[in-house]
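Chains, contacts and geometry: an overview
Take a look at the letters that make up each chain.
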Amino acid sequence: MAEIRRVDRLSSPERDDLTALLVACVAEGASLGFLAPLSREDAETWWREFPRAGVALLVAESDDRIVGTAQLHDAESANGAHRGEVAKLLVHPAFRRQGIARALMTRLEAEAREAGKTLLTLDTREGDPSNALYQSLGYEQGGRIPGWARDADGTFSATIFWYKPLG
Ligand SMILES: CC(C)(COP(=O)(O)OP(=O)(O)OC[C@H]1O[C@@H](n2cnc3c(N)ncnc32)[C@H](O)[C@@H]1OP(=O)(O)O)[C@@H](O)C(=O)NCCC(=O)NCCS
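A brief structural summary.

Rules used throughout
Residues numbered from 1 in each chain as written. Predicted model: local features only at pLDDT ≥ 70, side-chain atom pairs only at ≥ 80, totals over all residues. Pairing = 2+ DSSP bridges. Helix = DSSP H or I, 4+ residues; strand = E, 2+ residues; numbered from the N terminus. Right-handed = clockwise from strand over helix to strand, strands pointing away. Near = placed C-beta within 6 Å. Nonpolar A, V, L, I, M, F, W, Y, C, P; charged D, E, K, R; others polar. Axes fitted to C-alpha atoms, helices over the stretch in contact; angles between N-to-C directions. Contact = placed C-beta atoms within 7 Å. Expected span 1.5 Å × (residues − 1).

1. Describing the pairing of strand β5 (residues 119-125)
Pairing of strand β4 (residues 83-91) with β5, which is carried by three bridges, proceeds in the parallel orientation. The residue bridging glycine 84 from the neighbouring strand is leucine 120, located in β5. Once the chain exits β4 it traverses helix α3 (residues 100-114) before rejoining the sheet at β5, and the crossover so formed is right-handed.

Structure below.
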């Protein structure tokens, strides 16, 4: 089973692992805000922004390699300090269906509670397996927006918004 930990500083090998993870997930069609093909250079540049203030970065490690990650973003508005947004939850295609995303989300929720958050939100592409994951973790569907994201092939996808009050 992968070990989940929070990262407050990224070493060069850790950034390399995260870069490879992001490139692999975008290449297999994941909707993560990027358009395929995502180059290694662009992915590495993106990871150089992390960790940063207002973002808790979690990683899942197996045999000293990062195989999954997730982020908890603080809301930017003053009246949203109780809210957190789940972002960039990804597990390497070779490590799927082993409970790694579930473990990352369990830890992320614990981090959110510790930070005083009482509400988590996220959105994910309609039809993706991630919807089943969030539902299984007790998230409620808040709504659907058609035409939210453009895929690499030029088609548009709807996004589903999910939320979970933290008891
Ligand atoms: C979504 C994703 C993070 C799931 O990672 P994972 O480690 O394979 O998920 P887990 O093994 O923890 O699965 C937990 C539960 O989620 C659901 N689930 C996960 N993948 C699923 C799939 N392909 N089909 C159906 N249900 C799935 C199941 O309920 C599963 O429980 P079970 O295995 O006991 O049936 C992974 O597929 C991924 O990285 N996808 C690409 C990136 C992405 O879309 N991220 C979400 C952005 S919001």
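Still more ground to cover, so stick around.
2. Digging into the site of the ligand
Around the ligand, the surrounding shell holds 20 residues, and the nearest of these are Arg96, Ala101, Arg102, Pro129 and Leu133. For the shell around the ligand, the elements supplying multiple residues, two or more each, are β4, α3, β5 and α4 (129-136). Split by residue class, the shell around the ligand holds eleven nonpolar, five polar and four charged.

3. Describing unusual backbone geometry
Look at the link from alanine 36 to proline 37: it is a cis peptide, with omega at 0°. Tracing the sequence through the fold places proline 37 in the loop between α1 (12-27) and α2 (40-47). Residue proline 51 is bonded to the preceding phenylalanine 50 through a cis peptide linkage, with omega at -10°. Tracing the chain through its elements places proline 51 in the loop between α2 and β2 (55-62). Look at lysine 88: it is not a glycine, yet its phi comes out positive at around 45°. Mapping lysine 88 onto the fold places it in strand β4.

4. Things to note about the sheet that holds strand β7 (residues 156-165)
The strand order across the open sheet built from seven strands is β1-β2-β3-β4-β5-β7-β6, with neighbouring strands paired in mixed fashion. Pairing within the sheet leaves two strands with one partner each, and these edge strands are β1 (3-7) and β6 (140-150). For this sheet, the mean angle separating the axes of adjacent strands, direction not counted, is 25°. Where β5 and β7 come together, seven bridges link them in antiparallel fashion. Considered in β7, the bridge of aspartate 123 is made with phenylalanine 161. Along the sheet face, α4 touches β5 and β7 and points at about 155° away from the line of β5.

5. A look at α1
In a regular helix each residue adds 1.5 Å, so 16 residues correspond to 22 Å; α1 covers 22 Å between its end C-alpha atoms and thus fits that length. Where the residues of α1 are buried, they touch α2, β3 (65-74) and β4. The positive-phi residue at the C-terminal boundary of α1 is glycine 29, with phi of around 100°.

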